[in-house]
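Single-letter residue listing:
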Amino acid sequence: MSAIKAMILGAVLSAVIALVIGSQGSSGGYLAVHNMRVGDYSLYWSWPLFLAGTGLSWGLMILQPD
């Protein structure tokens, strides 16, 4: 269950940071921000940032006591 919550937080983190970096016209270097088409919409996305954000969120959830 914590992995699913971590993926949601990782997606939010990736969307916010990719929006800021991508709207400035930069690719973010290793972050590899690219413009992705979803149906009629266009959004900025970064898979490396999503994986790093998910790992960070998952690690923080593991450290919290029950």
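The model shown is predicted, which means the values in this text are computed figures rather than measured ones.

> Quick question: what am I supposed to make of helix α2 (residues 47-63) here?
In an α-helix, one full turn covers 3.6 residues, which means residues spaced three or four apart are oriented alike. Its 17 residues give α2 an end-to-end C-alpha distance of 24 Å, which sits within 8% of 24 Å, the value for a rise of 1.5 Å per residue. Those residues of α2 lying buried are Leu49, Phe50, Gly53, Thr54, Ser57 and Met61. Each buried residue of α2 lies within a common arc of 130° when the element is viewed along its axis, so the set occupies one face. Those residues of α2 that are exposed and angled more than 90 degrees off the buried face are Leu51, Leu56, Ile62 and Leu63. Along its buried surface, α2 packs onto α1 (2-23) and β2 (41-45). Between the side-chain oxygen at the start of α2 and the backbone nitrogen of Leu49 there is a gap of 3.3 Å, and the oxygen is on Ser46.

> I would appreciate a short explanation of α1 in the present structure.
For α1, spanning 22 residues, the distance from its first C-alpha to its last is 31 Å, which sits close to the expected 32 Å at 1.5 Å a residue. Turning to α1, its buried residues are Ala6, Gly10, Ser14, Ala18 and Gly22. Viewed along the axis of α1, the buried residues span an arc of 100°, placing them on a single side of the element. What points out from α1, more than 90 degrees from its buried face, is the exposed set Ile8, Leu19 and Val20. Those residues of α1 that are buried are in contact with β2 and α2. Just beyond α1, the residue with positive phi is Gly25, at close to 90°.

> What is the right way to read the side chain of Ser14 from this model?
For Ser14, the position within the fold is in helix α1. The class for Ser14 is buried, based on a relative accessible area of 0%. What Ser14 contacts, discounting residues up to four positions off in sequence, is Trp45, Ser46, Leu49 and Phe50.

Analysis parameters
- Residues numbered from 1 in each chain as written.
- Predicted model: local features only at pLDDT ≥ 70, side-chain atom pairs only at ≥ 80, totals over all residues.
- Heavy atoms only, no water.
- Helix = DSSP H or I, 4+ residues; strand = E, 2+ residues; numbered from the N terminus.
- Expected span 1.5 Å × (residues − 1).
- Buried < 20%, exposed > 50% of the residue type's maximum accessible area, 1.4 Å probe, protein only.
- Arc of directions from axis to C-beta.
- Contact = heavy atoms within 4.5 Å.
- Polar contact = N/O pair within 3.5 Å; in protein donor to acceptor, adjacent residues only side chain to side chain.

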